[in-house]
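Structural overview for review
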Amino acid sequence: MSKEIIKLQNVRRTYRMGKNQLEILKGVNFTLNAGEWCCIYGASGSGKTTLLNLIGGLELPDEGTVAICGQIPAEMSRSKAAEFRAANIGFVFQSYHLLPELTILENVAVAGAIAGKNFTDSRKKAAGLLNRVGLGKRLGHRPAELSGGEQQRTAIARSLINSPGLLLADEPTGNLDPATGDEILKLFQELRSDDPDRAILMITHNHEIADLASRVVTLKDGTLHN
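The structure contained in this document is the topic of the report that follows. Every value quoted in this text rests on a predicted model; they were computed, and no experiment measured them.

So, how was this worked out
- Residues numbered from 1 in each chain as written.
- Predicted model: local features only at pLDDT ≥ 70, side-chain atom pairs only at ≥ 80, totals over all residues.
- Heavy atoms only, no water.
- Buried < 20%, exposed > 50% of the residue type's maximum accessible area, 1.4 Å probe, protein only.
- Helix = DSSP H or I, 4+ residues; strand = E, 2+ residues; numbered from the N terminus.
- Pairing = 2+ DSSP bridges.
- Salt bridge = Lys/Arg side-chain N within 4 Å of Asp/Glu carboxyl O.
- Axes fitted to C-alpha atoms, helices over the stretch in contact; angles between N-to-C directions.

This next bit is on the pairing of strand S6 (residues 166-170). The buried count for S6 comes to 5 of 5 residues, which makes it a mostly enclosed element. Where burial is concerned, the two faces of S6 agree: the one with Leu 166, Leu 168 and Asp 170 and the one with Leu 167 and Ala 169 are both buried. As paired strands, strand S5 (residues 89-92) and S6 are joined by 4 bridges and run parallel to one another. Opposite Gly 90, over in S6, you have Leu 167 as the bridge partner. Relative to strand S7 (residues 199-204), S6 is paired through 5 bridges, and the arrangement is parallel.

Oppositely charged side chains are able to pair whenever their charged atoms sit close together. If you walk through the whole model with that rule in mind, you get 11 salt bridges. The salt bridge partner of Arg 12 is Glu 23, with a shortest N-O separation of 3.3 Å. Within this pair, whereas Arg 12 is found in strand S1 (residues 4-17), its partner Glu 23 is found in strand S2 (residues 20-33), the two being separated by 11 residues in sequence. With relative accessibility at 26%, the residue Arg 12 sits in the partly exposed group. A salt bridge links Lys 80 to Glu 83, with the shortest nitrogen-to-oxygen separation between them at 4.0 Å. Placement of the pair is Lys 80 and Glu 83 together in helix H2 (residues 78-88), with a separation of 3 residues, close to one helical turn.

Backbone geometry places Asn 10, a non-glycine residue, at a positive phi of 50°. Topologically, Asn 10 is positioned in strand S1. Despite not being glycine, Asp 221 shows a phi value in the positive range, around 55°. Mapped onto the fold, Asp 221 is located in the loop between strand S8 (215-220) and strand S9 (223-225).

With that settled, consider the sheet that holds S5. The strand order S5-S6-S7-S3-S8-S9 describes an open sheet built from 6 strands, whose pairing is mixed. Single-partner strands in this sheet number two, and they are S5 and S9. Averaged over all adjacent pairs, the angle separating strand axes in this sheet is 20°, with direction ignored. Both S8 and S9 contribute to a ladder of 3 bridges, which runs antiparallel.

What follows is the structure, given as structure tokens:
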């Protein structure tokens with residue numbers, strides 16, 4: 001029986017803007033098992049990023065539960081939830097979010113140090129991961145010295161530093177040209193082969209990207225549809 005990585009039950013999220021309320025998620029139920037690559041497809045503004053943020057613990061639901069690997073981060077203290085997130089979830093954002101003053105080796109290694117790992121060990125692992133994503137000769141470069149595709153490869157390496165069971169990717173090719181975007185998607189496919197138990201949840205509004213996944217669900221009118 002496959003291990004359950006994500007389980008959402010009746011998740012609701014509403015944003016309040018002055019006297020107005022905008023209901024984004026209207027009772028979302030969703031399960032993702034180990035080894036699955038699922039794409040959440042939806043139009044811009046449909047709430048995909050909100051949903052991903054809730055799964056990643058960056059936001060809290062107004063109602064319902066978000067369980068990751070059988071645990072409910074919303075019931076943990078802020079520090080425990082952060083530790084849990086760092087150990088179990090890798091994030092890949094559209095805009096990379098690399099620290100400009102650090103080299104790419106340091107950008108990846110510091111994510112391990114934040115999770116409580118020895119920095120020397122994290123640097124060694126970071127070098128291996130950067131080599132894995134094709135940046136082994138660029139370790140001393142800073143983000144501004146890299147192309148967009150190289151920065152995203154760095155971000156992917158960073159997401160793997162703590163060997164998470166879940167990768168969350170928010171439009172990971174959105175800022176890249178089509179050819180570079182294809183290279184990033186190929187890398188995701190290779191990473192899935194490297195660790196067939198790792199679950200990947202990717203959001204996109206691109207049909208072609210969604211077609212690469214083993215499973216696609218659509219977010220529309222605040223709920224998910226198979």
